[in-house]
Amino acid sequence: MEDLIIPRVVARLVDGRIKLHIDLKFNPNHGPDGRFTTYGSGGRIQTPGGESPHFGPGGKPSKPTAPKYSKMSGEELAKELQSAADKRDAEKKEEAKERKKLKTAYKQAQKEREGLPTVGSAAEIEAARDKWNAECKKGGKWDSTTPEAKAVWAELNRLRSPKDAKAAALADKKVSEAGKASASFEDKVRAKNKAAKEQFHTALTLDKEDRASLDIRGDKKLAGKTSVKKGIARYEELVSAEALGERSRVYIENAGRERAFYRDSDGSVHLESGGGRGIATVVHELGHHLEHASPAARHAAVMFRREKTVGSPTKSLKTVSKAYDRDEIYKERSDGKKWIDPYMGKIYRRGGSTELLSMGLEMLATKPDVLLKKDPELFALVVNAARGKL
Ligand SMILES: [Zn+2]
């Protein structure tokens, strides 16, 4: 079924002012888990024919279309992913209860198995064990392969074996089944966690026609390294061509033993020769490229940092980690919240640059769920900057 296109007027709050624009491409979608996504206060939208858009002719339910993640703003995406994350969190609570139950059942089964009456008494088993130990140590060096040691071992096992073989087999089966139930439960949990991770990845990945395409120059060998290539590819998936405008040229250079950095003057990304933190570093430095390429992104990032740190004193980053240089400074937030990493509050003496888009984009590439959970406002800012929606 074709997507249903309904023009709509969209109101957005921008810098405290309401902005209206007509969205010709509004497409009512289903959420990722099949829920109907409502925009604003609209609720379900009726077509002129009186049919709701996700029902085909004759009221037959049509297949839910994939959400148009690529067109969403940071706020819309945050909302969409937040509800999925909330749902997953609620599931996790139930899973914790279930895990506890399964563990208890497993322990119980083990206890029952161990509690079965054995051929020998506890004292007899203990004595046989001592005898076996002594037998093994006899020659001065531990040796459990002598015929004598083997004989004592066989006797120990005979004494340890359950009196009732049938009951033992049944108890063994119970232990094994409880173990399997636990393992298959954990498999399901892992699959759910993987799906949740993939949902973030998919939602953040722009459609091909929206993506940036970098013109990579400089150190071709370094640029051809797998982690560098992967970092560049992820950057292009996260950042739109619209956001970068004409600024798609990037020089990849070798920083040698120096910490990776970005140089505004020639748009060059300098990477540690050892690879640094791989994709994270590449996307981080390219985040500086985004801030450099998009004046709107730079302005929004500087304003964000300024607003969140009003009245905060300037501090040395040396107080955070000795790895920072002596002249690196930052400001803590003054809005009652904390930066996910103090480095996000870094101040550049020349001004006009931040570590918000670099750190933010790095997180968007490596742990977007954490960014959304800990700082949804920054998540929205970074997505909007990356998508040219500022
Ligand atoms: Zn940086």
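Use the structure listed above.
Note that the coordinates shown come from a computational prediction; the quantities given were computed from them, not determined experimentally.

Enquirer: Mind laying out the environment of Ala223, listing which residues take part and the relevant values?
Expert: If you trace the backbone, Ala223 turns up in helix H5 (residues 220–223). For the pair Ala223 and Glu253, spaced 30 residues apart in the sequence, the C-alpha separation amounts to 8.2 Å.

Enquirer: How would you sum up the nonpolar core? Please name residues and give values.
Expert: Core analysis: the largest hydrophobic core is formed by 51 residues, its most contacted members being Leu238, Leu290, Leu361, Val382, Ala385 and Ala386. The residues contacting Leu290, other than those within four sequence positions of it, are Val239, Ala243, Ala297, Leu357, Leu361, Ala385 and Ala386. Ala128, Ala149, Val152 and Leu156 belong to the second-largest nonpolar core, a separate cluster that totals 5 residues.

Enquirer: Can you lay out the packing of helix H2 (residues 122–137) against helix H3 (residues 147–160) for me, pointing to particular residues and giving the numbers?
Expert: For any two helices packed against each other, one specifies the inter-axial angle together with the distance between the axes. As a packed pair, H2 and H3 sit with axes 9 Å apart at the nearest point and diverge in direction by 165 degrees. Classified by the interaxial angle, the pair formed by H2 and H3 is roughly antiparallel. Seen from above, H2 lies across H3 with left-handed handedness. Of H3, the residues touching H2 (which contributes Glu124, Ile125, Ala128, Arg129, Lys131, Trp132, Glu135 and Cys136) are Glu148, Ala149, Val152, Trp153, Glu155, Leu156, Leu159 and Arg160. Here the contact of H2 with H3 is composed, by residue class, of 9 nonpolar, no polar and 7 charged.

Enquirer: An account of the sheet that holds strand E8 (residues 329–331) is requested, with residue identities and associated values reported.
Expert: Reading across from one edge, E7-E8-E9 is the order of the 3 strands in this open sheet, with antiparallel pairing throughout. In the strand order of this sheet, the two ends are held by strand E7 (314–316) and strand E9 (346–347), each with one partner.

Enquirer: For helix H1 (residues 74–114), give the residues involved together with the corresponding values.
Expert: Across its 41 residues, H1 extends 57 Å between first and last C-alpha, which sits within 8% of the 60 Å expected from 1.5 Å per residue. Looking at the buried side of H1, the elements it contacts are helix H4 (165–204), helix H11 (368–374) and helix H12 (376–387).

Enquirer: A description of the pairing of strand E6 (residues 268–272) should follow, citing residues and the corresponding values.
Expert: On any regular strand, side chains alternate: one points to one face of the sheet, the next to the other face. Of all 5 residues in E6, 4 are buried; the element is thus mostly enclosed. Pairing geometry for strand E4 (residues 249–256) and E6, over 5 bridges, is parallel. Residue pairing for E6: Ile252 is matched across the bridge by Val269. Where strand E5 (residues 261–263) and E6 come together, 3 bridges link them in antiparallel fashion. Across the sheet, residue Arg263 finds its bridge partner in E6, namely Ser268. The antiparallel pairing of E5 with E6 creates a hairpin that spans 4 residues between the two strands, and Gly267 there sits at a positive phi of about 60 degrees.

Enquirer: I'd like to hear about the pairing of E4, residue by residue, with values.
Expert: Of the pairings in the sheet, the one linking strand E3 (residues 215–218) to E4 comprises 4 bridges and is parallel in character. Looking at the pairing, Asp215 lines up with Arg249 of E4.

Enquirer: How would you summarise the packing of helix H10 (residues 356–366) against H12 if you had to cite specific residues and measurements?
Expert: Orientation of H10 relative to H12, taken along the N-to-C sense of each, is 95 degrees, at an axis distance of 9 Å. When the interaxial angle is binned, H10 and H12 end up roughly perpendicular. Of H12, the residues touching H10 (which contributes Leu356, Leu357, Gly360, Leu361 and Leu364) are Leu378, Val382, Ala385 and Ala386. Across the contact of H10 with H12, the residue classes break down as 8 nonpolar, 1 polar and no charged.

What counts, and at which threshold
Residues numbered from 1 in each chain as written. Predicted model: local features only at pLDDT ≥ 70, side-chain atom pairs only at ≥ 80, totals over all residues. Helix = DSSP H or I, 4+ residues; strand = E, 2+ residues; numbered from the N terminus. Core = buried A, V, L, I, M, F, W, Y, C linked by C-beta atoms within 7 Å. Buried ≥ 20, exposed ≤ 12 C-beta atoms within 10 Å, placed from the backbone. Contact = placed C-beta atoms within 7 Å. Axes fitted to C-alpha atoms, helices over the stretch in contact; angles between N-to-C directions. Parallel < 35°, antiparallel > 145°, perpendicular 65-115°, else oblique. Left-handed = near helix turned anticlockwise from the far one by under 90°. Nonpolar A, V, L, I, M, F, W, Y, C, P; charged D, E, K, R; others polar. Pairing = 2+ DSSP bridges. Expected span 1.5 Å × (residues − 1).

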